[in-house]
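# Close look at the chain arrangement
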Amino acid sequence: MTRRYRILGADGRSRASAAPGTLGGHRRLRIYGRLDCPSALRWLARGHYAAHRVFFADETAARAAGFRPCAVCLPREYDQWTTLQEDR
């Protein structure tokens, strides 16, 4: 039996995938980052993050779903996102 993973698509809806997500996120904060993000790992260790954890196949899907990059683990992407928000 092939393992199935739950990831969010670009439309923000959960779907099954044969491949695990490459990015993790927080559904309520609408933020995404690397799976090894130090900030997310700290919150997970404290038990505050897991209930709202989501996964994405890639950055394109995360942004299309309305999530922003994490300033801790993706500082360059976060700076670019901030610049785009200021231009609006």
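Residues numbered from 1 in each chain as written. Predicted model: local features only at pLDDT ≥ 70, side-chain atom pairs only at ≥ 80, totals over all residues. Heavy atoms only, no water.

Here we take up the pattern of salt bridges. According to the stated counting rule, one finds two salt bridges in the structure shown. Between Asp 36 and Arg 34 there is a salt bridge; the shortest N-O distance is 2.7 Å. Asp 36 sits in the partly exposed class, given a relative accessible area of 45%. Residue classification places Arg 34 among the partly exposed residues on the basis of a relative accessible area of 36%. Glu 59 is paired through a salt bridge with Arg 63; the nearest N and O atoms lie 3.4 Å apart. Of the two residues, Glu 59 and Arg 63 both sit in helix α2 (residues 59–64), four residues apart, roughly one turn of that helix. On the basis of relative accessibility, which here comes to 30%, the residue Glu 59 falls in the partly exposed class. Accessibility expressed as a relative area gives 28% for Arg 63, which makes it partly exposed. (Salt bridge = Lys/Arg side-chain N within 4 Å of Asp/Glu carboxyl O. Buried < 20%, exposed > 50% of the residue type's maximum accessible area, 1.4 Å probe, protein only. Helix = DSSP H or I, 4+ residues; strand = E, 2+ residues; numbered from the N terminus.)

The next subject is the packing of aromatic side chains. Following the criterion strictly, the structure yields two aromatic pairs and no others. Here the aromatic rings of Phe 56 and Phe 67 are separated by 4.9 Å at their centres, their planes lie at 70°, and the arrangement is edge-to-face. Within this pair, whereas Phe 56 is found in strand β5 (residues 53–56), its partner Phe 67 is found in the loop between α2 and β6 (68–69), the two being separated by eleven residues in sequence. The residues Phe 56 and Phe 67 share a single accessibility class, namely buried. Seen from the ring of Trp 43, Arg 46 lies directly overhead, with NZ or CZ sitting 5.1 Å from the centre. (Phe/Tyr/Trp six-rings, centres within 6.5 Å; stacked < 30°, edge-to-face > 60°. Lys NZ or Arg CZ within 6 Å of the ring centre and 35° of its normal.)

These figures capture arrangement, not role.
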